[in-house]
Amino acid sequence: NIDPEALLPKLPSPDELRPFPTVCSVLFKGHKGGVRSVAIDPSGLFLASGGDDGAVMIWELRSGRQLYTVNIADEPVNVVKWRPSKDTMVLSAAAGEAIYLLAPFSIMSPEVENLSREVLDAGWGYAATSSTNGTSSVQKEPAAKWSRPESKLLDQGVLVKISVRAPVKAIDWHRRGDYFSTVSPKGQSSAVAIHTLSKHLTQLPFRRLKGLAQTAQFHPSKPIFFVATQHTIRSYDLSRQELIKILQPGARWISSFDVHPGGDNLIVGSYDRRLLWHDLDLSTRPYKTLRYHKKAIRAVKYHHGGLPLFADASDDGTVQIFHGKVVEDMMENATIVPLKVLKGHKVTDKSLGVFDVDWHPREPWCVSAGADGTCRLWC
Amino acid sequence: MSGDLEQPGPAQEQTSKIRIQFITRDTDHELPAEASAPILVATKFRRYALSTLINTLLDTPTPVPFEFLILGQFLRTSIEDFLTANGISAETTLTVEYVRALIPPLHVASFEHDSWVSAIDVLSGSSPASIWTNNSPGVPSGQEKILSGSDDGLLRIWNMSSEVEAISSVSHNNHITNAKFLSPTRVVSASFDRTIRLWKYESMPDFGPTSTLTPSVELYGHKASVDSIAVHAPSSRLLSASQDHTVGIWSSKKTDAPPAPQSLLPSSSNKRRKLNPNPNSVSQRGSLALMTGHTASVTSVSFAPNDPTVAYSSSLDHTLRTWDLATRTLVDTRTTAHALSCLTPLQDLGLVATGTDARSIILIDPRASATAVSALTLRGHTGTVWALSTDPSSAYGLASGALDSTVRIWDVRAARPGSGGIGAPEVECVYTIERESGRGRKKPVRGDEVKVFGIVWDGEVGVVSAGSDKRVQVNRSPQGVRDS
Ligand SMILES: [Mg+2]
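Quick caveat, the model's predicted, so the values are computed rather than measured. (Residues numbered from 1 in each chain as written. Chains lettered and ligands numbered in written order. Predicted model: local features only at pLDDT ≥ 70, side-chain atom pairs only at ≥ 80, totals over all residues. Heavy atoms only, no water.)

Next up on the list: the overall build of chain A. Looking only at helices and strands, chain A has four helices and 29 strands in total. The C-alpha radius of gyration computed for chain A amounts to 20 Å, which stays within 12% of the reference 21 Å derived for 379 residues, consistent with globular compactness. For chain A, the C-alpha atoms occupy an extent of roughly 75 × 45 × 40 Å along the three principal directions. Counting only residues that meet the buried cut, chain A has 58% of its 379 residues in that class. Long-range pairs, those at least 24 residues apart, make up 51% of the contacts in chain A with a sequence separation of at least 6. About 16,200 Å² of surface is accessible on chain A, with carbon and sulfur atoms providing 50% of the total. On chain A, the mean spot of the 46 positive side-chain charges and the mean spot of the 39 negative ones are 5 Å from each other. (Helix = DSSP H or I, 4+ residues; strand = E, 2+ residues; numbered from the N terminus. Rg over C-alpha atoms; globule rule 2.2 N^0.38 Å. Buried < 20%, exposed > 50% of the residue type's maximum accessible area, 1.4 Å probe, protein only. Contact = heavy atoms within 4.5 Å. Areas by Shrake-Rupley, 256 points an atom, 1.4 Å probe, with all protein chains shown as cover. Lys, Arg positive; Asp, Glu negative; His and termini not counted. Charge placed at Lys NZ, Arg CZ, Asp CG, Glu CD.)

In structure tokens:
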């Protein structure tokens, strides 16, 4: 009689896998209503948040000090994402059918402010001089309208407003900071848009997408783009404009995914409570399925600063931290160990818990955004 | 087996004794040579009886309260219970270190502000600013001043009657991170607005207790928040730690300071920025040097206590760095496992204490010859350790302020071996000072505690701390006990 457990490779204990976040260090209170999205800036010093109150806030991460607030819309800010650049300080935020590009100049030096303004303003007039978008002229109306926001917003550093056709739920920046993608699940043929900042240009490369788009992401190093619909994740070669692979996580409704910084692995979160790990070298099916949450998973995120960590956020009010070590050897699989359940966010009357999670660019710290109106830094 | 020991037995139990070798590192309280041999002491003795015994041996004119360290632990029970708890035989000679007791300081006053307070300093007869001026004009007892800098961008100077004597005539453009007295009439401040400002503090005897705090020089050079400053008046030098990863060197003399870099002046940027009301046309100056080496935000900087041409800095890049200010070069880098949030040198021990974002304080030996980075670890805080200050009356004492609503007082002699016998020895705090603002209130949830951003331990005024409860809190040991 052999215990089947004994045949399994022994997992390291969490204690051997430090450092990882274990306690709430800072509570960020200021939003009225739930916080939908959080993002730590590339320097690791600032936290941006977007809430149901239509506000975008910026906080000093370690002190919890509120540094900047702008009431950007009369509807929820669904997503905030920093432009990946250390020379500029540019935040993108989406509320309703608009994407806003902000340079919160009250918290930056004149030098960074000038560079940030330049990068945001360089594309004005491009659309007018090049008349069409370069491709076919069948398009009746432009995919998006780039405009100056009202002066009240301009005064606070909100320098660009991009109006699209359907509410935006996801933003992802290409690593070089000139392109960013947005996803509007109800946008049908315009659900996935790719925007070029230097040209103030919006393109719709995925006009015949099968299924409702949920979210999308650029590959961390190759010209590959991933698009998640409710059931599948497709990867596309951007230079050849062709489909590479269709991943089948087996989830009923995908909420989120993240590509490992190495580029060969991917985690998926689903509203049906599953966290799935895909090894892109192995199969189109998940390598591992983790069911640790009692409610929907809304966000998943790898640590992108060299630590073998990933996290997910759930409507059960918890953030869970995992060790996920990717090995260089193609034949060896990733080691996955659950490390910590971070509790603190309150679940609301509407059964909403944690909406979003993001990692610090270097440290073993993560932040979460809660339906309870708070953001939390976990160290 | 020592023949001196009495035979154990029921009849002798009450007078059971142990041989104790008393030692101390308090040079003021060394035992005379004739009393330095091991002494037989009843094992039923507790701290108080031992303290009385030491006072008798020292023949102190007025009693000095002592605490007792055995194997790095403070004696909190009878010796007998301590021996049992630690599995020590009563037949050994026990080495017991006596240290002057730290008396928990009591709450004396709280000064209320309209916003978070991060910057704090004290001007007293024993504070550096008055020592540098040979105590001239001098700060008589009871005439001490407390300087605070808050998130409204304003500096305030308080007297010991909790009154604001002066408020800065202009404000920084963002929250103040740090402020110090340079002399009894000069103040320096640093802000998230990237500037360091020098101020004139003048009393106006004709107008009662009011004084003025007016700007004299604005220092430009940093490209991000200035989070900490250090001052050394005799050499007219200021040091700064910035989120732009550099350590700045500045002159506090207007005539020695280079011109300010034009690109960093507020007037050169866009019109929407609020122009600083500059009625007295405040001079704008630049840095002597901005030293590079750190790869992340610099959180704190300090002059070496014995040598003002040497500086230490702590950074979120996990390092403590040593700088030679004469050549303006990086001399040494000590790398730890954690982001470092503050530092203070411990002069007599040759160590530098640094606070970490991992809720600990590490004592680092900054000498290049040191083999281990960390000499001691102080554990107990449950939040990021944001500020440190040394005990004005003990080389071994330290106070720390953290984002967990507390100030903790430490005696680094209370060091026990590290967990599992590996790693640096660990120290537990002697006592904890809570925020008065939280008295009688429900304990806040983790992460929502009062953040203590500033702390100064002054010989006269006591432990002064500032935080996100918008208050400066003064705690002082009861008079006559500590300094008897
Ligand atoms: Mg592989």
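What follows picks up the thread again.
At the junction of the two partners, chain A supplies 29 residues and chain B supplies 33 residues. For the pair chain A and chain B, the two sides together bury roughly 2,700 Å², of which 48% comes from carbon and sulfur. In terms of surface lost to chain B, no three residues of chain A exceed R62, R65 and P110 of chain A, which account for 26% of the buried area on that side. The interface formed by chain A and chain B holds four salt bridges in total. (Buried area = accessible area lost by both parts, 1.4 Å probe. Salt bridge = Lys/Arg side-chain N within 4 Å of Asp/Glu carboxyl O.)

All names here are of chain A. Taking 1.5 Å per residue as the helical rise, helix 2 (residues 110–121) with its twelve residues ought to reach 16 Å, and the 16 Å between its terminal C-alpha atoms agrees with that figure. Residues P110, V112, E113, S116, R117 and L120 constitute the buried set of helix 2. Seen along its axis, helix 2 keeps its buried residues to an arc of 160°; they face one direction. Here the buried face of helix 2 lies against strand 8 (98–102) and strand 10 (158–163). (Expected span 1.5 Å × (residues − 1). Arc of directions from axis to C-beta.)

Further remarks concern the nonpolar core. Counting residues in hydrophobic clusters, the biggest one holds 70 residues, and the most contacted among them are F46, L47, V56, I72, L101, L102 and I162 of chain A. Among all residues touching I162 of chain A, those that are not within four sequence positions of it are E97, A98, I99, L101, A144, K145, W146, F180, H195 and T202 of chain A. If you look at the next biggest cluster of nonpolar residues, it comprises 20 residues, including F22, L50, V64 and L94 of chain B. (Core = buried A, V, L, I, M, F, W, Y, C linked by side-chain atoms within 4.5 Å.)

Residue and element names in this part refer to chain B. The domains assigned to chain B are domain 1 (17–100) and domain 2 (106–476). For domain 1 versus domain 2, the distance between C-alpha centres works out to 38 Å. The partner domain 2 presents eight residues to the ten residues of domain 1 that form the contact. Carbon and sulfur atoms supply 50% of the area buried between domain 1 and domain 2, which totals about 810 Å² over both sides. (Domains from an automatic or database assignment.)

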